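# What the coordinates show
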Amino acid sequence: VLISLAVLFIGIAVLLSYFLSRRTLVPIHEAYNRQRQFVADASHELRTPLSVIFSSVEALEMEEEITNNEFAQKMLHRLREEIKRMNKLMTDLLTLARADARNAALELAKEAFDFRPHAERTLQLLADVAAKKSIELQFQAPEAAQMIGDADKLTQLLYILLDNAIKYTPNGGLVTLSIHIEKAKQRRLIISVKDTGIGIPKEEIGRIFDRFYRVDKARSRQQGGHGLGLSIAKWIVNAHGGTIDVQSELGKGTEFIVTIPF
Ligand code: ADP
């Protein structure tokens with residue numbers, strides 16, 4: 001009797017744990033999917049009213065009564081800046097929600113292309129921001145940096161790294177972009193973005209790729225950041241099967257090194 005009771009007891013325990021594990025595993029996965037879909041839908045839906053608000057601000061800015069009113073102009077300028085920030089946040093959230101949803105490698109539109117003109121265009125886009133802070137932008141690259149990858153996404157990655165380098169470097173600093181094609185057994189594109197900026201504390205380096213993580217929240221916000229740039233950069237690198245490394249010294253500067261095999 002004791003043996004059959006023990007067998008019955010173990011049987012019930014095994015069955016219970018089986019059903020409990022099924023009950024918890026499935027809903028967690030479903031909850032994750034629902035949450036991801038919610039973020040994607042919410043950011044998509046919020047962009048429409050945001051663009052209506054933006055065009056209303058633009059229309060107001062052209063009104064004669066407003067152009068003559070310094071206070072109203074100041075307020076509208078502030079509104080415009082905040083709308084731009086929100087729009088960027090929505091776009092970044094949507095990018096990450098889409099990245100979560102699909103197999104990253106399948107998301108890429110790979111092609112053979114020369115990375116050099118893309119890098120030059122990105123530097124041009126940021127030239128004004130750098131000039132405002134008297135930051136010198138240096139560029140080292142081969143005549144042609146022929147590679148295979150997703151040109152748009154790799155350009156977005158470069159923009160994020162250069163934008164950060166300029167943001168976190170005080171006036172009068174130096175930002176150097178170097179591009180290199182390694183022609184070993186497997187070809188690799190190597191990008192280095194080096195700055196003479198504020199640096200990142202050693203204990204924080206492991207967290208800067210986390211979503212919404214910012215070493216100094218106040219400084220990042222003031223610079224227009226919301227802590228998603230490096231998460232997107234990391235996703236782009238991973239999708240290409242590459243690596244991203246950081247070397248940084250507090251108060252001296254930071255270097256991001258990206259390696260993309262092709
Ligand atoms: P953010 O929008 O805040 O710049 P990111 O995800 O791009 O978000 O970066 C995360 C954090 O990493 C930043 O808030 C900043 O603290 C730190 N960081 C990124 N790049 C640099 C850099 N070049 N120099 C110093 N700190 C940096």
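Rules behind the numbers
- Residues numbered from 1 in each chain as written.
- Predicted model: local features only at pLDDT ≥ 70, side-chain atom pairs only at ≥ 80, totals over all residues.
- Heavy atoms only, no water.
- UniProt positions renumbered as here; feature names shortened; annotations may be inferred.
- Phe/Tyr/Trp six-rings, centres within 6.5 Å; stacked < 30°, edge-to-face > 60°.
- Buried < 20%, exposed > 50% of the residue type's maximum accessible area, 1.4 Å probe, protein only.
- Helix = DSSP H or I, 4+ residues; strand = E, 2+ residues; numbered from the N terminus.
- Lys NZ or Arg CZ within 6 Å of the ring centre and 35° of its normal.
- Salt bridge = Lys/Arg side-chain N within 4 Å of Asp/Glu carboxyl O.

The name given to the protein chain in an unreviewed UniProt entry is histidine kinase, with the source organism recorded as Anoxybacteroides rupiense. As stated in UniProt under Catalytic activity (unreviewed entry), the record for the protein chain gives "ATP + protein L-histidine = ADP + protein N-phospho-L-histidine."

## Description of the packing of aromatic side chains
A complete count under the given rule lists 2 aromatic pairs for this structure. Centre to centre, the rings of Phe113 and Phe115 are 6.2 Å apart; their planes meet at 75°, and the pair counts as edge-to-face. Residue Phe113 shares its accessibility class with Phe115, and that shared class is buried. When the ring of Phe209 is compared with that of Phe256, the centres are 6.5 Å apart and the planes differ by 85°; the resulting orientation is edge-to-face. In this pair, Phe209 sits in the loop between β5 (187-195) and α7 (217-222) while Phe256 sits in strand β7 (residues 253-261), placing the two residues 47 residues apart along the sequence. Across the pair, exposure class does not vary: Phe209 and Phe256 are buried alike. Its guanidinium or amino end placed over the ring of Phe209, Lys234 lies 5.0 Å from that ring's centre, counting from NZ or CZ.

## Topic: the pattern of salt bridges
Per the counting criterion, the structure on display carries 12 salt bridges. Across the salt bridge formed by Arg34 and Glu30, the nearest N and O atoms sit 3.2 Å from each other. Of this pair, Arg34 and Glu30 both sit in helix α1 (residues 2-61), 4 residues apart, which is roughly one turn of the helix. Residue Glu30 is classed as partly exposed on the basis of its relative accessible area, which comes to 38%. With a shortest N-O distance of 2.7 Å, Arg80 and Glu61 are connected by a salt bridge.

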